[in-house]
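Coordinates in review
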Amino acid sequence: MGHLLSKEASSLSRDRDRDRRCRRGRKVPPRSRSCFLRGPCMLCFIVHSASPPAPEQPLPAGDPLLSPAPYAALATAEQRAARRLLRLPPAAWEPRGRCQRLLLSGLLPPPVRSLLGPARPPGEIASEMVCKRKGAGLPACPPCKQPRCAASAAAEEPEAAACQCPGEAQLCALPAADSCAAGGGGAPARDAAGDSGGGGQPTSPPPPAPDEEGEGEKKGGEAGCEEPLEHPSDCCREPLLPPAPDINQLPPSILLKIFSNLSLNERCLSASLVCKYWRDLCLDFQFWKQLDLSSRQQVTDELLEKIASRSQNITEINISDCRNVSDTGVCILAIKCPGLLRYTAYRCKQLSDTSIIAVASQCPLLQKVHVGNQDRLTDEGLKQLGSKCRELKDIHFGQCYKISDEGMIIIAKGCLKLQRIYMQENKLVTDQSVKAFAEHCPELQYVGFMGCSVTSKGVIHLTNLRNLSSLDLRHITELDNETVMEIVKRCKNLNSLNLCLNWIINDRCVEVIAKEGRNLKELYLVSCKITDYALIAIGRYSMTIETVDVGWCKEITDHGATQIAQSSKSLRYLGLMRCDQVNETTVEQLVQQYPHITFSTVLQDCKRTLERAYQMGWTPNMSTAS
């Protein structure tokens, strides 16, 4: 309240100086005045009361010079400061629903106190009091300009009506807003004379036109009856548009999960170039734990060293077909990444035993080693693997022609947790290796000895593997039917059996397989000596086989293909590639009758390939076709 008094005192002195200059005829520039109801530092408390507003006193009829109450009592100079407050209509002081009164009655002149209503008794406590300290809550709007005359009021009415400050309701125009202007033609002069504090009383304003009066009442009624806003300062701000959805607002864990579905090329060559944030996410350590660098000729020893230096927690790496990587780069990788678990290097013919020895000695937790088609790999590297990598579970040494039984037996005796082993065209691997794995590695689930120097004497030892689920015996020249049937009978968990390129397998062996293979789902008999009877037996006795491939079996005819399609309830794929006695018309009929079965022939495969090309958007070039 002291803030208000000091402001009022200074404004009274400025009004006197302004009146003197107006009498001398000087043109006084308009000064900006701030609204008294502007800031919380001026009016610290608002008392909410439920008392009804006092009715306005009507103007006495027949006395045009008498000011309308309560303006008649404000003719002295000391009361002009309060007239600014009295310009507000009663609806602004007492909005609908609750009466708001200012605690200024103790500081204003008696006529103003009588206008504002009787003071509250000392013993009565306000029902609700809200303290509005300076700077509290939302920032205040710029000060409203209060016009001093009718001309300026009409010009500034839209701007003043549009401003709503914190803590006050929207104010409507006073019905007698032009009371400050003198009647007659000398309105500015009369107003200046009235402000000088002379004895004259202000005259009543001229009655407004009917149209203007109707519009004024309408505007005043709308403004006075408007509900006070919960946050009045929000009306002074422009409405904020909802923020556009941004993928960067997602948590980093979600973005990392999304980026994990991208390949290495997509992360390094696309996603990391979007922004710095994405680049940092693409450099997250989890993306560099499993690296697939296969078939990239730009991968060299230096690049491999930089990758290993940056991310020393690499657990899996694939450098297949990387011709520019030497033993030196693999040794550095093994030294800097001791936690390596899976190592793949197909067709890296430049690598030798040095690389595999370094990996075996520096990475004792190694679980997977796939180094197929490395001509320089010998038994020395395998000995290191067998003696130092006790956790090894998956090995692939296909087409490593210098590997023999010596190295394989050491691996079988040292790596007792082996689950998968695949050999291909290793002519130095014989039945001794098969026997060693069958005796020392009881957890073996996948065994493949395609094209190795293995016979039925070694294969029969595989019957000791109770967990055997997949067996690849392709191109075993000395494999007999009795050995195969015994394996199927004793290995109850077998679900995939590959007997391709074994000319000795006949219809009787296939019938036993269909009867005894209770869990068998895949049976491959390409280039075997079987007839339609084998297909009929599969359809009749097997309830689990889903995939049958009898391609290149010259004795298969339309009858066998039709019978297995009709009788088998589980069949989903039938390979008839280059079965020359199977008519293509019959296959077309089977495709229509049994849509759940995929029939593989040369013509059917070409049709499916063409359909997939059309689905991917391929269109034939008619000019080339013509």
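Quick note: structure is the one above.
Here is a short report on the structure shown in this document. (Residues numbered from 1 in each chain as written. Predicted model: local features only at pLDDT ≥ 70, side-chain atom pairs only at ≥ 80, totals over all residues. Heavy atoms only, no water.)

Examining the overall build of the protein chain
Counted only if it meets this: Helix and strand assignments come from DSSP, with helices taken as H or I runs of at least 4 residues and strands as E runs of at least 2, each series counted from the N terminus. Here's how the labels work: a residue is buried when its accessible area is under 20% of the maximum for its type, exposed when over 50%, partly exposed in between, all with a 1.4 Å probe on protein chains only. Working rule for contacts: check all heavy atoms of both residues, and any pair within 4.5 Å makes them a contact. What sets the accessible areas is the Shrake-Rupley method with a 1.4 Å probe; for residues, cover comes only from the shown protein chains.
Tallying secondary structure elements over the protein chain gives 24 helices and 16 strands in all. When the 626 residues of the protein chain are sorted by exposure, 41% land in the buried category. A fraction of 73% describes how many contacts in the protein chain between residues 6 or more apart in sequence connect residues 24 or more apart. On the protein chain, roughly 33,700 Å² of surface is accessible, and the fraction owed to carbon and sulfur atoms is 56%.

Looking at the side chain of S469
Checked against the element boundaries, S469 lands in the loop between α17 (456-459) and β11 (470-472). Excluding its chain neighbours within four sequence positions, the residues that come into contact with S469 are Q445, N493, L494, N495 and S496.

Topic: helix α22 (residues 584-593)
Residues spaced three or four apart along an α-helix point in a common direction, a consequence of the helix completing one turn every 3.6 residues. Defined as follows: Directions drawn from the helix axis to the C-beta atoms are what define this arc. Polar contacts, as counted here, are pairs of nitrogen or oxygen atoms within 3.5 Å of one another; within protein the pair requires one atom able to donate a hydrogen and one able to accept it, and residues that are adjacent in sequence qualify only if both atoms are side-chain atoms.
Of the positions making up α22, those classed as buried are T586, V587 and L590. Taken down its axis, α22 places every buried residue within 100° of arc, on the same side. Where α22 is buried, its residues touch α21 (558-567), β16 (598-600) and α23 (602-615). Its side-chain oxygen placed 3.2 Å from the backbone nitrogen of T585, N583 serves as the N-cap of α22.

Some words on unusual backbone geometry
Of all residues except glycine, most have a negative phi; of all peptide bonds, most are trans. Positive phi, close to 60°, is recorded for N373, a residue that is not glycine. You can see N373 is positioned in the loop between β7 (368-370) and α14 (379-388). According to the relative accessible area criterion, N373 is buried, its value standing at 14%. Positioned with a positive phi, S527 is a non-glycine residue whose angle comes to about 60°. Among the structural elements, S527 can be located in the loop between β13 (522-524) and α20 (532-541).

Examining the packing of helix α15 (residues 405-414) against helix α16 (residues 431-440)
Heads up, the condition is: Helix axes are fitted to C-alpha atoms over the stretch in contact, other axes to C-alpha atoms as well, and angles between N-to-C directions run from 0 to 180 degrees. Roughly parallel means an angle under 35 degrees; roughly antiparallel, over 145; roughly perpendicular, 65 to 115; everything else is oblique. Each residue is assigned to one class: nonpolar for Ala, Val, Leu, Ile, Met, Phe, Trp, Tyr, Cys and Pro, charged for Asp, Glu, Lys and Arg, and polar for all the others, Gly among them.
Interhelical geometry of α15 versus α16 gives an angle of 5° and a closest axis separation of 9 Å. As judged from the angle between their axes, α15 and α16 are roughly parallel. In this structure, α15 uses D405, M408, I409, I411, A412 and K413 to contact α16, whose residues at the interface are Q432, S433, A436, F437 and H440. Looking at the contact of α15 with α16 residue by residue, the classes come out as six nonpolar, three polar and two charged.

Let's talk about the pattern of salt bridges
As a reminder, the rule being used: Salt bridge, as used here, is a side-chain nitrogen of Lys or Arg placed within 4 Å of a carboxyl oxygen of Asp or Glu.
According to the stated counting rule, one finds 15 salt bridges in the structure shown. Across the pair D280 and R279 runs a salt bridge whose closest N-O atoms are separated by 3.5 Å. Of the residues examined, D280 reaches a relative accessible area of 41% and is grouped as partly exposed. A salt bridge links E588 to K607; the shortest N-O distance between them is 2.4 Å. A residue pair is termed long-range when its members are at least 10 positions apart, and E588 in helix α22 and K607 in helix α23 qualify at 19 residues. Its relative accessible area of 36% is what places K607 among the partly exposed residues. Each of the salt bridges in this network shares a partner with another, and the network as a whole consists of E380, K383 and E406.

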